[in-house]
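Fold and contact review
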Amino acid sequence: MMPPGSRDVAGNASPLAAEMLASVETELQTTLQELIQAPYAEVGAMVRHHFGWEPGGVPGKRIRPLLTLLTAASAGGDWRTAVPAAAAVEIIHNFSLVHDDIEDASETRRGRITLWKRWGIPQALNTGDFLYIAAHFAVRRLMDGGIAEATAYGAERELDQACLQLTLGQHLDLAFEDRAGVTGDDYLKMIGGKTAALLAAAAAVGARVAEAAPPVVEAYRTFGRRLGMAFQLLDDLLGIWGEPDATGKSASDDLRQGKKTYPVVLGLQRSPAFAHSWASARTGSPDVDALRRALEASGADRATRREAERFTQDAMDALQEAEPRPPAADELRALARRLLGRDR
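Now for a look at the structure at hand. (Residues numbered from 1 in each chain as written. Predicted model: local features only at pLDDT ≥ 70, side-chain atom pairs only at ≥ 80, totals over all residues. Heavy atoms only, no water.)

A separate point is the overall build of the protein chain. Regarding its fold elements, the protein chain presents 17 helices and two strands. Against the globule reference of 20 Å for 344 residues, the protein chain gives a C-alpha radius of gyration of 20 Å, in line with a compact fold. Taken along its principal axes, the extent of the C-alpha atoms in the protein chain is 60 × 50 × 35 Å. Taking contacts inside the protein chain between residues at least 6 apart in sequence as the whole, the part at least 24 apart equals 73%. (Helix = DSSP H or I, 4+ residues; strand = E, 2+ residues; numbered from the N terminus. Rg over C-alpha atoms; globule rule 2.2 N^0.38 Å. Contact = heavy atoms within 4.5 Å.)

Before going further, it helps to examine the pattern of salt bridges. Counted under the stated rule, the structure contains 20 salt bridges. The salt bridge involving E54 is made with R118; its shortest N-O contact spans 3.6 Å. Remark: R118 occurs in helix α5 (residues 115-119) and E54 occurs in the loop between α2 (41-51) and α3 (63-74); sequence separation between them is 64 residues. Judged by its relative accessible area of 44%, R118 is partly exposed. (Salt bridge = Lys/Arg side-chain N within 4 Å of Asp/Glu carboxyl O. Buried < 20%, exposed > 50% of the residue type's maximum accessible area, 1.4 Å probe, protein only.)

Attention now goes to the nonpolar core. Counting residues in each nonpolar core, the largest one holds 107 residues, and the members touching the most others are L32, L131 and F223. With 12 residues, helix α10 (residues 214-241) is the single largest residue contributor to this core. Beyond its immediate chain neighbours, meaning those up to four positions away, F223 contacts L67, A315, M316, A318, L319, L332 and A336. (Core = buried A, V, L, I, M, F, W, Y, C linked by side-chain atoms within 4.5 Å.)

The subject of this paragraph is α2. All buried positions along α2 are accounted for by G44, M46, V47, H49, H50 and F51. Lining the buried residues of α2 we find α1 (15-35), α4 (83-103), β1 (108-109), β2 (112-113), α5 and α6 (121-140). Positioned one or two residues after α2, G52 has a phi angle of 80°, which is positive.

Let's shift gears to the packing of aromatic side chains. Any two aromatic rings considered together are summarised by their centre-to-centre distance and by the angle between their planes. According to the stated counting rule, one finds four aromatic pairs in the structure shown. With centroids separated by 4.8 Å and ring planes inclined at 20°, the aromatic side chains of F51 and W53 adopt a geometry described as stacked. Each member of the pair, F51 together with W53, is buried. Geometrically, the ring pair formed by Y187 and Y262 is tilted, given 5.7 Å between the ring centres and 40° between the ring planes. Taken as a pair, Y187 in helix α8 (residues 184-194) and Y262 in helix α13 (residues 262-270) lie far apart in primary sequence, 75 residues in all. Considered together, Y187 and Y262 belong to a single accessibility category, that of buried residues. The ring of W278 has R282 sitting right over it, with the charged end atom 4.1 Å from the ring centre. The ring of F311 has R310 sitting right over it, with the charged end atom 4.4 Å from the ring centre. (Phe/Tyr/Trp six-rings, centres within 6.5 Å; stacked < 30°, edge-to-face > 60°. Lys NZ or Arg CZ within 6 Å of the ring centre and 35° of its normal.)

Take the packing of α6 against helix α7 (residues 149-176) next. For the pair α6 and α7, the least separation of the axes is 9 Å and the interaxial angle reads 155°. Taken as axis vectors, α6 and α7 run roughly antiparallel relative to one another. Here α6 runs over α7; the crossing is right-handed. Only A152, Y153, A155, E156, L159, D160 and C163 of α7 make contact with α6, whose side of the interface consists of Y132, H136, V139 and R140. Considered class by class, the residues forming the contact of α6 with α7 number seven nonpolar, one polar and three charged. (Axes fitted to C-alpha atoms, helices over the stretch in contact; angles between N-to-C directions. Parallel < 35°, antiparallel > 145°, perpendicular 65-115°, else oblique. Left-handed = near helix turned anticlockwise from the far one by under 90°. Nonpolar A, V, L, I, M, F, W, Y, C, P; charged D, E, K, R; others polar.)

Here you go:
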């Protein structure tokens, strides 16, 4: 079993969180290995490479499955029975990453060469599709642990709905690259699907497996969705103004690559000077410092932070409404603070 990555939001995990993460890693490996039989060994090699299970590899952050398990526990359930659902959440996340890397032409992820770059686009697409199907097998393993069939299929429907929203959000993200006049509201709708939908489902699935009442499930779903919105907006800030030592990437990457993140969308709406500089940068080498100064002059950085703070407060209000139970409630709040405080 591979340990959780050292550079992740769930770092310095408590004994409870560490036990949860270890259980998820074991479940992931068991589920995926059972589905890959001999003559398909190369599929297994691709999966191990992507998940960071090769020697020297670093697995992902596992934020979403940890959210599922902490929610299950804080909603009054036995988190161990929710481990198959948490694994399904993580597999879906990785299915989306494999396809995202192709669509974004990303050559590396977590310090490793991406699947499409190493094995080619057709095989990477196929492996992503395999992971999508594997997630359905994973969530049905809930019934092996005594979870009622109706609850297990309810969790599966929750994840399918998240996948639908995720792919629609990704469509918008790709469409925005060449679309003029993208508004802040357009952008928020996009990240509501691409980023927030799976975090919402991760929390809701945990509450479902705990057999929480529908209003409680909805409160946890809202918590996850608002958490996802705040997370993405803060990530957008870090992509332009973050400290490289803290974020692990250059603070100029997003501007240099021409990403239409929320501050950029606001800048294009508010500042003709920034819009002119942005258009000029698309045909030549961008002056990142000048673009950053123009964004600051437009107030886009401050407006983005205010919006992130609004979603953060909404998330914590929803969590309070769910009335989470200790000790998992404290862990859940701590995870949210770490997730939303990466720049501090």
